[in-house]
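Chain and residue survey
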Amino acid sequence: MFYKILSVFIGGGLGTLLRFGTYEICRKYFMLPVFGTFLVNITGCFILGFVFGIIINEIWNISNTLKLFITVGFLGGLTTFSTFNLEIFEMIRYGKFLSALCYMLSSCVLGLLFTYFGYLISRT
C-alpha cells in the first residue's frame, strides 16, 4: 500500500509541475493562460486513452502501482476540471459568451477524440 500511495504522490507532483509550467509558458508567449489548461486537458485525454488501451488489451504488463502513478497521480495532477470551469465562469462573467461556448465545446469534443486516438494508437 505504501508504494501505491508514494507513486500517486510522485505522479501527482510531476503532473502538477508540468501543468504549472505549461500554464506559465502559454501565459507568457501566447498571452492566453486558457490555452495552457486546454493543452494539458487534451494531452491528458490522449495519454489516458492510450494507457486505457494498453491496459484493457493487455499489450504491456503494467503493474498496479504504475497504473496508479500514471492515471491517478500524473494525469490527475496534469489535468484540471476545476480550472477549466473557473476559466469558463470568468469568460461568462465578462460577457464573452461565444468564447466560453467555443472553449467548452472544443475541450469536450477534442478531449473525447483525443481519448479515442490514444486508445487507437495503443492498439497498433
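Just so we're clear, the structure is a prediction, and the values are computed from it rather than from any experiment.

With respect to the layout of surface pockets
Put simply, the largest pocket is a space of about 230 Å³. Residue lining of the largest pocket: 13 residues in total, with Asn41, Cys45, Thr79, Thr80 and Phe81 positioned closest to the centre. Among the secondary structure elements, those contributing two or more residues to the lining of the largest pocket are helix H2 (33-56), helix H3 (64-78), helix H4 (81-93) and helix H5 (97-122). With four residues, H2 is the single largest residue contributor to the lining of the largest pocket. Here the lining of the largest pocket is composed, by residue class, of six nonpolar, seven polar and no charged.

Some thoughts on the pattern of salt bridges
Using the criterion set out here, one finds two salt bridges in the structure. Close ionic contact of Arg27 with Glu24 constitutes a salt bridge, the shortest N to O distance being 2.6 Å. Of this pair, Arg27 and Glu24 both sit in helix H1 (residues 2-29), three residues apart, which is roughly one turn of that helix. Overall, Glu24 belongs to the partly exposed group, its relative accessible area being 25%. Close ionic contact of Arg93 with Glu90 constitutes a salt bridge, the shortest N to O distance being 2.9 Å. You can see Arg93 and its partner Glu90 sitting in helix H4, three residues apart, about one turn around the helix. Judged by its relative accessible area of 51%, Arg93 falls in the exposed class.

Things to note about the packing of aromatic side chains
Enumeration over the complete set of coordinates arrives at nine aromatic pairs. Ring geometry for Phe84 against Tyr103: centres 5.2 Å apart, planes inclined by 65°, an arrangement best described as edge-to-face. Here Tyr103 lies in helix H5 and Phe84 lies in helix H4, a separation of 19 residues in the sequence. A relative accessible area of 6% places Tyr103 in the buried class. Ring plane angle 65° and centroid distance 5.7 Å describe the contact between Phe114 and Phe117, whose orientation is recorded as edge-to-face. Here the residue Phe114 and the residue Phe117 both occupy positions in helix H5, the gap between them amounting to three residues, near one helical turn. On the basis of relative accessible area, Phe114 is assigned to the partly exposed category, the value being 29%.

Calculation rules
- Residues numbered from 1 in each chain as written.
- Predicted model: local features only at pLDDT ≥ 70, side-chain atom pairs only at ≥ 80, totals over all residues.
- Heavy atoms only, no water.
- 1 Å grid on protein atoms, 1.4 Å probe; cavity = no way out; pocket = protein on both sides within 12 Å on 5 of 7 lines; lining within 4 Å.
- Points joined across faces, edges and corners; volume = space filled by probe spheres on them.
- Helix = DSSP H or I, 4+ residues; strand = E, 2+ residues; numbered from the N terminus.
- Nonpolar A, V, L, I, M, F, W, Y, C, P; charged D, E, K, R; others polar.
- Salt bridge = Lys/Arg side-chain N within 4 Å of Asp/Glu carboxyl O.
- Buried < 20%, exposed > 50% of the residue type's maximum accessible area, 1.4 Å probe, protein only.
- Phe/Tyr/Trp six-rings, centres within 6.5 Å; stacked < 30°, edge-to-face > 60°.

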